[in-house]
Each structure stands twice: as C-alpha cells, then as structure tokens.
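Below, each chain spelled out in residue letters.
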Number of protein chains: 2
Amino acid sequence: MVIQYDGTEYVGWQRQPNGLAVQEVIENELSKLTGEHVTLYGSGRTDSGVHALSQVAHFDTEVRMPGEKFCYALNVGLPRDIRILYSEETDPAFHARFDVQKKSYRYYVLNSTHDSPFLHRCSNHIHYHLDIDAMQSAAKLFCGEHDFNAFKASGSAVDSTVRTIFASEWSKEGELLCYDVTGNGFLYNMVRIMVGTMLEIGLHRCDESVITSAFGHCDRTRLGVTAPAKGLFVARVQYSDFDTADFVNRGYRCF
Amino acid sequence: MVIQYDGTEYVGWQRQPNGLAVQEVIENELSKLTGEHVTLYGSGRTDSGVHALSQVAHFDTEVRMPGEKFCYALNVGLPRDIRILYSEETDPAFHARFDVQKKSYRYYVLNSTHDSPFLHRCSNHIHYHLDIDAMQSAAKLFCGEHDFNAFKASGSAVDSTVRTIFASEWSKEGELLCYDVTGNGFLYNMVRIMVGTMLEIGLHRCDESVITSAFGHCDRTRLGVTAPAKGLFVARVQYSDFDTADFVNRGYRCF
C-alpha cells in the first residue's frame with residue numbers, strides 16, 4: 001500500500017505506549033476489515049510529527065478481497081489525516097522495509113516575516129534571512145558515499161554508518177524553501193541533522209566546512225541542531241519493481 | 001490589518017454565542033495588548049469553516065505603538081491558525097467594510113480518487129470526474145452586472161441583489177482545481193451557491209443555462225447545492241488606496 005499522512009497528531013509511524021501511532025490506526029482498520037490480527041510492515045519508521053507524501057507498507061491476509069480494493073475500504077474508516085492512495089496484491093516474498101533500494105525525504109522551510117496559518121503544521125518557519133545559495137552549495141557536499149556517524153541521534157546503534165546520497169538539493173517557490181534528498185538509507189534523525197546544519201549555514205552561523213569535516217569524526221555536537229520534525233516528509237520509496245514517484249508528483253504541491 | 005486564517009476551528013469571522021469566532025480571538029488579544037475594550041471591524045463576515053488568505057480589518061485605539069508593530073505583538077499571543085500579516089496606521093476615516101471597492105474569493109476543489117491528508121481542511125474533495133471546460137464556460141456567464149437574487153441563502157435580506165462580477169475563472173494545477181471570482185460585492189452564500197451550481201454542471205447533472213435563466217428569477221431551489229464552506233477563502237480585498245494582492249501572490253500556493 002502507498003500511504004499519505006499528516007503526522008501532526010501522531011507519535012510517529014510505529015506503535016508506542018505514549019500515544020497513537022499511524023501504524024496502529026491502520027492496523028486497527030485492517031483488523032476490522034479482515035477479522036484477522038494484521039501486522040503492517042512499513043518501509044521505515046517516522047518520528048512523532050513527521051509526515052508522509054508516500055509511505056509504503058505491506059501486510060499478509062487470508063481475505064480474498066482484490067488487492068486494489070483495500071484502499072477504498074480502508075479510507076472509509078480511517079481519520080482524514082491518513083489516506084491510503086493505492087493498494088495491490090504483491091509477491092508474497094516482497095518486504096516493504098528490507099527490499100527498499102532508494103528512499104527520498106523532503107523538508108519544507110517557510111522563510112517569511114510571519115508564519116502561515118495553512119503551512120505551519122507541515123513546514124518549519126524561519127523569519128531570519130536564509131542564504132539559499134550557501135545552503136545549496138552545502139547540500140551538494142552530501143552527495144556520494146560518506147560515513148554519516150556524526151549525523152545520527154546519540155544512542156542509536158547500527159552496524160554501519162556509511163550511506164550513499166544520490167541527490168541533495170534545495171529549491172525555492174517564493175518564500176517556501178524545499179529540500180529533497182535521496183539515498184540508499186538514512187540513520188536515525190540523519191535528515192533532520194543535515195537540514196539543521198544547512199540552516200545554520202544559511203544563517204551564516206557556520207560555513208560548509210563543518211559538513212566535510214564531519215565525515216571524518218563522530219561528534220554530533222559539532223553539527224547544527226536537529227531541525228523540527230514538522231517540516232519533514234517521507235517523500236518517495238523505490239524498490240526494484242515499484243516506485244512511488246507518481247504519488248508525489250501529481251501536478252500540484254501535495255501539501 | 002491584513003489577516004490570514006484557517007477557519008476550520010472557528011464559527012466564522014463574527015462573534016457568535018455558539019463557539020469561538022476569529023474576530024473575538026483577535027479582539028481579545030487586542031484588548032490584552034492595549035488595555036482598552038477594542039472592537040475589530042472586518043471587510044465582511046465569513047461563515048463557519050471559511051478561510052482567509054487576506055481579510056482586512058480596522059480598529060481604533062489610543063495606544064501610541066507604531067501601527068506596523070501591531071502585527072508582531074499580536075502574533076505572539078494568537079493561535080497558529082490566525083496570523084496578522086501586516087498592520088499600519090491609517091486615515092481615521094477609513095472603514096474596512098464600507099470602503100471596499102472590489103473583493104475576491106477563491107474556492108479549491110480536489111478532483112482526485114482519494115482525498116488528501118494535507119488539503120482536506122482547505123478544499124472540497126470530489127472523486128467523480130469533473131468537466132473543467134464546462135465549468136470554465138459556466139464561470140464566464142457570471143461576468144457583468146446581474147441580479148443574483150437566486151444566488152443567496154434563503155431568508156437573507158438586503159436592499160439590492162444586483163452585483164457586478166469583474167472576473168470569474170477556473171484554473172487547474174494537476175488534480176487541484178481553483179476558482180477565482182472578483183466582484184463589487186457578494187450576497188450571503190453567493191459564492192458557495194455559484195460554485196455548487198458549476199460543480200453540478202461539471203458533473204453533467206445540468207447545463208449552464210441554469211445560470212443565465214437564474215438571473216431572471218428568484219428561485220434558489222433551481223440551482224445547485226451550496227458548496228461546502230471548507231473550500232472557500234476570502235482571497236483579496238481592494239480599496240481605493242490599498243490592495244491585499246501582494247499577500248496572496250507570494251510566489252507559492254499559500255495553503
């Protein structure tokens with residue numbers, strides 16, 4: 001399934017004891033619909049307040065409803081801030097998380113005098129002047145294979161901290177800045193630390209050398225603060241035979 | 001002042017006994033700020049759930065704070081779904097409602113298979129196919145001076161029901177349809193009845209002759225249903241020496 005959600009009201013994708021998770025809400029609807037205890041496997045977790053333009057998830061069921069009908073049946077019962085945009089039956093061997101080849105995130109910054117009543121849930125408002133050229137130049141430095149050890153939340157343990165970034169770019173639509181990044185994987189809080197660091201660069205509080213030097217050390221404290229969750233979206237997920245690009249590029253800004 | 005608001009959580013612009021109004025929220029902040037009992041006069045009322053890209057309002061105060069500072073001071077205390085985008089001291093003779101020369105409304109329709117978690121508060125979702133060409137042709141019929149008696153909510157009393165429409169046009173950005181209309185004034189529910197009627201035409205449930213024939217009768221029941229409030233925005237207000245266009249056309253879709 002391809003899922004879109006406004007994460008403002010949720011504790012994130014994954015079930016948590018301290019509040020409602022997106023996964024949980026959809027699993028509950030799936031269980032009502034199928035009469036089975038259904039587990040939903042997402043392409044990855046998202047933090048509290050992070051959104052999805054296209055999250056991918058799979059589940060197993062014995063129910064013989066055609067795969068493409070599930071989205072319609074689920075949307076009837078789901079809250080309006082979660083929509084299933086697409087569903088299909090897939091190879092039983094497919095796994096939404098383990099089979100990911102490339103993933104893209106997007107981050108919106110509203111660089112204006114006053115915040116917007118319409119965009120405040122889904123963008124990070126900064127009223128100081130941002131040097132977009134400096135941020136664009138910094139964004140390019142992330143491309144390629146690097147050790148992103150310094151760009152992960154302290155305490156998160158993984159086997160390897162080396163990741164490859166295929167594209168990293170800012171774009172601008174009036175006062176709305178948009179950062180798009182595609183990689184073969186991301187560490188915990190990695191995109192938000194990358195954005196936080198580029199914002200410090202855009203504010204001329206440091207220069208882009210903090211990024212290149214960070215590839216050689218593991219010191220999280222020498223980078224910018226973690227940018228707020230509310231500007232971040234899971235934007236696109238690519239598998240060998242499935243790509244969510246069409247659900248993001250629908251000819252209008254999705255939020 | 002130029003005010004932007006997401007009307008979802010409010011009973012409308014004007015104070016009501018049954019819930020919180022936008023006017024009331026801003027008046028309360030103004031009273032806190034000035035220590036005076038302040039009345040805020042808007043360019044016009046909006047219904048429950050209707051939004052504003054730029055509403056104009058004025059008030060009188062004895063406080064000697066520079067006019068351009070009020071927006072910053074007020075935004076500190078206001079909820080995030082209401083923002084004052086601009087404020088200035090004006091001629092004491094200026095009246096936000098009586099001096100309006102032209103007013104523009106905007107209506108968003110999301111014409112897609114599934115609704116959007118991000119746009120559902122500010123657009124009317126229709127999953128049936130809409131014939132945009134038929135709607136565009138119908139929109140043109142509203143231009144000029146007409147008796148809009150049939151296009152007002154029943155029970156609303158006004159001196160004259162003749163209004164002049166200067167521009168009336170649909171545009172399309174992927175699956176998002178946008179209707180912009182400018183006139184010298186609008187009757188109660190007029191834009192929502194116009195949109196509701198054009199949507200019936202777009203669904204091929206009636207043809208555009210219902211519009212031209214409606215200019216000759218007063219029968220509200222022969223037109224389409226009133227379109228939902230949540231797709232409607234006060235978009236632009238024009239006075240002889242002040243125009244809010246810059247607050248709407250900021251180089252990005254404001255919602």
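Everything discussed here concerns the structure shown above.
Starting from 1, residues in each chain are numbered consecutively following that chain's sequence as written. To label them, take the chains in the order written and letter them from A, then take the ligands in the order written and number them from 1. Confidence filtering applies because this is a predicted model: local features only for residues at pLDDT of at least 70, side-chain atom pairs given and counted only at 80 or more, and all residues used for totals across whole chains, interfaces and linings. Derived side-chain values reflect all non-hydrogen atoms in the structure, with water molecules and hydrogen atoms excluded from consideration.

## Regarding the overall build of chain A
In terms of helices and strands, chain A carries six helices and ten strands. Computation of the radius of gyration draws on C-alpha atoms alone. For the globule rule, the value is 2.2 Å times the number of residues to the power 0.38. At 19 Å, chain A has a C-alpha radius of gyration in line with the 18 Å of a compact globule built from 255 residues. Throughout this description, buried means an accessible area under 20% of the type-specific maximum (1.4 Å probe, protein chains only), exposed means over 50%, and partly exposed covers the range between. For chain A, buried positions account for 58% of its 255 residues. A sequence separation of at least 24 residues applies to 68% of the contacts in chain A between residues at least 6 apart. Here chain A has roughly 11100 Å² of accessible surface; of this, 47% comes from carbon and sulfur atoms. Of the charged side chains in chain A, 24 are positive and 32 negative, and the gap between their average positions amounts to 3 Å. What counts as a helix is a DSSP run of H or I of at least four residues, what counts as a strand is a run of E of at least two, and both are numbered from the N terminus. When checking whether two residues touch, look at their non-hydrogen atoms; a contact exists if any pair is within 4.5 Å. To be clear on the numbers: accessible area is Shrake-Rupley with a 1.4 Å probe, and residue cover counts the displayed protein chains and nothing else. Neither His nor the chain ends is counted toward charge; the positive residues are Lys and Arg and the negative residues Asp and Glu. In plain terms, the charge of a residue is placed at NZ if it is Lys, CZ if Arg, CG if Asp and CD if Glu.

## Re the nonpolar core
Residues and elements named next belong to chain B. Ranked by internal contacts, the top residues of the largest apolar core, which has 69 residues, are Ile-26, Phe-142, Phe-151, Trp-170, Tyr-179 and Met-198. At eight residues, the largest contribution of residues to this core is made by helix 4 (residues 190-202). The residues contacting Met-198, other than those within four sequence positions of it, are Met-135, Ala-138, Ala-139, Phe-142, Trp-170, Tyr-179 and Ile-211. In this description, a nonpolar core means a group of buried Ala, Val, Leu, Ile, Met, Phe, Trp, Tyr and Cys residues linked to one another through side-chain atoms lying within 4.5 Å.

## Brief notes about the interface of chain A and chain B
Between chain A and chain B, the residue contacts involve 39 residues of the former and 39 residues of the latter. Values labelled buried area give the accessible surface lost by two parts on being combined, using a 1.4 Å probe and summing over both. Its largest share of buried area at the contact with chain B, chain A owes to A:His114, A:Phe118 and A:Tyr252, together 26% of the area lost on that side. Each salt bridge in this description consists of a side-chain nitrogen of Lys or Arg and a carboxyl oxygen of Asp or Glu lying within 4 Å of one another. Counting across the interface, chain A meets chain B through four salt bridges. The salt bridge partner of A:Arg250 is B:Glu175, with a shortest N-O separation of 3.1 Å.

## What to know about helix 1 (residues 22-34) of chain B
Residues and elements named next belong to chain B. Over its 13 residues, helix 1 extends 18 Å from the first C-alpha to the last, a length consistent with the 18 Å expected when each residue adds 1.5 Å. Where helix 1 is concerned, the buried positions are Val-22, Gln-23, Glu-24, Val-25, Ile-26, Glu-27, Glu-29, Leu-30 and Thr-34. Of the surrounding elements, those touching the buried residues of helix 1 are strand 1 (2-5), helix 2 (70-77) and strand 4 (82-86). Positive backbone phi, approximately 75°, marks Gly-35, located one or two places after helix 1. Multiplying one less than the number of residues by 1.5 Å gives the expected span of a helix.

## Structural notes on the relation of the copies chain A and chain B
In superposing the copies, a least-squares fit is computed on C-alpha atoms, taking residues whose pLDDT is at least 70 in both. Expressed as a screw operation, the relation of chain A to chain B combines 0.0 Å of axial shift with a rotation of 180°, fitting to an RMSD of 0.0 Å. Considering both components of the superposition, the chain copies are consistent with a two-fold axis. Within chain A, the C-alpha atom positioned nearest to the axis of rotation is that of A:Phe255, 3.7 Å from it.

## Focus: the pattern of salt bridges
Residues and elements named next belong to chain B. The tally for this structure, following the rule as stated, stands at 24 salt bridges over all chains. Arg-15 serves as the salt-bridge partner of Glu-24, at 4.0 Å between the closest nitrogen and oxygen. Looking at Glu-24, the relative accessible area reads 16%, which means it is buried. Between Arg-106 and Asp-180 there is a salt bridge whose closest N-O contact spans 2.8 Å. In this pair, Arg-106 sits in strand 5 (residues 102-110) while Asp-180 sits in strand 9 (residues 176-183), placing the two residues 74 residues apart along the sequence.

## Structural notes on helix 3 (residues 132-141) of chain B
All names here are of chain B. Along helix 3, the positions that sit buried rather than exposed are Ile-132, Ala-134, Met-135, Ala-138 and Ala-139. Angularly, the buried residues of helix 3 cover 155° about the axis, an arc narrow enough to put them on a single face. On its buried face, helix 3 is in contact with strand 8 (162-173), strand 9, helix 4 and helix 5 (209-214). Of the residues that open helix 3, the one with a side-chain oxygen 3.2 Å from the backbone nitrogen of Asp-133 is Asp-131. Each direction from the helix axis to a C-beta atom contributes to the arc, which is the arc of those directions. Definition of a polar contact: a pair of N or O atoms within 3.5 Å, with one able to donate and the other able to accept a hydrogen when the atoms are protein atoms, and with sequence-neighbouring residues admitted only if both atoms are side-chain atoms.

## Considerations on the packing of helix 1 (residues 22-34) of chain A against helix 2 (residues 70-77) of chain A
Residue and element names in this part refer to chain A. Where helix 1 contacts helix 2, the axes come no closer than 10 Å and their chain directions differ by 110°. In terms of orientation, helix 1 and helix 2 fall into the roughly perpendicular class. Crossing of helix 1 against helix 2: the hand is right-handed. Of the residues in helix 2, those in contact with Glu-29, Leu-30, Leu-33 and Thr-34 of helix 1 are Phe-70, Ala-73, Leu-74 and Gly-77. In this analysis an axis means a line fitted to C-alpha atoms, helices contributing only their contacting stretch, and an angle means the value between N-to-C directions, from 0 to 180 degrees. Working definition: roughly parallel below 35 degrees, roughly antiparallel above 145 degrees, roughly perpendicular at 65 to 115 degrees, and oblique for all remaining angles. Crossing handedness: left-handed means the near helix sits turned counterclockwise from the far one by under a right angle, and right-handed means the same turn made clockwise.

## What to know about the pairing of strand 10 (residues 232-238) of chain B
Residue and element names in this part refer to chain B. Most of strand 10 sits out of view: six of its seven residues are buried. Only strands joined by at least two bridges in the DSSP assignment are considered to pair. Where strand 3 (residues 51-58) meets strand 10, two bridges bridge the pair, whose relative direction is parallel. Considered in strand 10, the bridge of Ala-52 is made with Val-234. Both strand 5 and strand 10 contribute to a ladder of six bridges, which runs antiparallel. Within strand 10, the residue paired with Ser-104 across the bridge is Arg-236.

## As for the packing of aromatic side chains
Residue and element names in this part refer to chain B. Only centres within 6.5 Å qualify two rings of Phe, Tyr or Trp (six-membered ring in Trp) as a pair; their planes then separate them into stacked at under 30 degrees, edge-to-face at over 60, and tilted for everything else. If you walk through the whole model with that rule in mind, you get 34 aromatic pairs over all chains. Both rings, one in Phe-142 and one in Phe-151, keep their centres 5.5 Å apart while their planes meet at 80°; by these two values the pair is edge-to-face. For the pair formed by Phe-142 and Phe-151, the shared burial category is buried. Ring geometry for Phe-233 against Phe-255: centres 5.4 Å apart, planes inclined by 45°, an arrangement best described as tilted. Of the two residues, Phe-233 sits in strand 10 while Phe-255 sits in the segment after helix 6 (245-248), which places them 22 residues apart along the sequence. Residue Phe-233 is classed as buried on the basis of its relative accessible area of 0%. The class of Phe-255 is buried, set by a relative accessible area of 4%.

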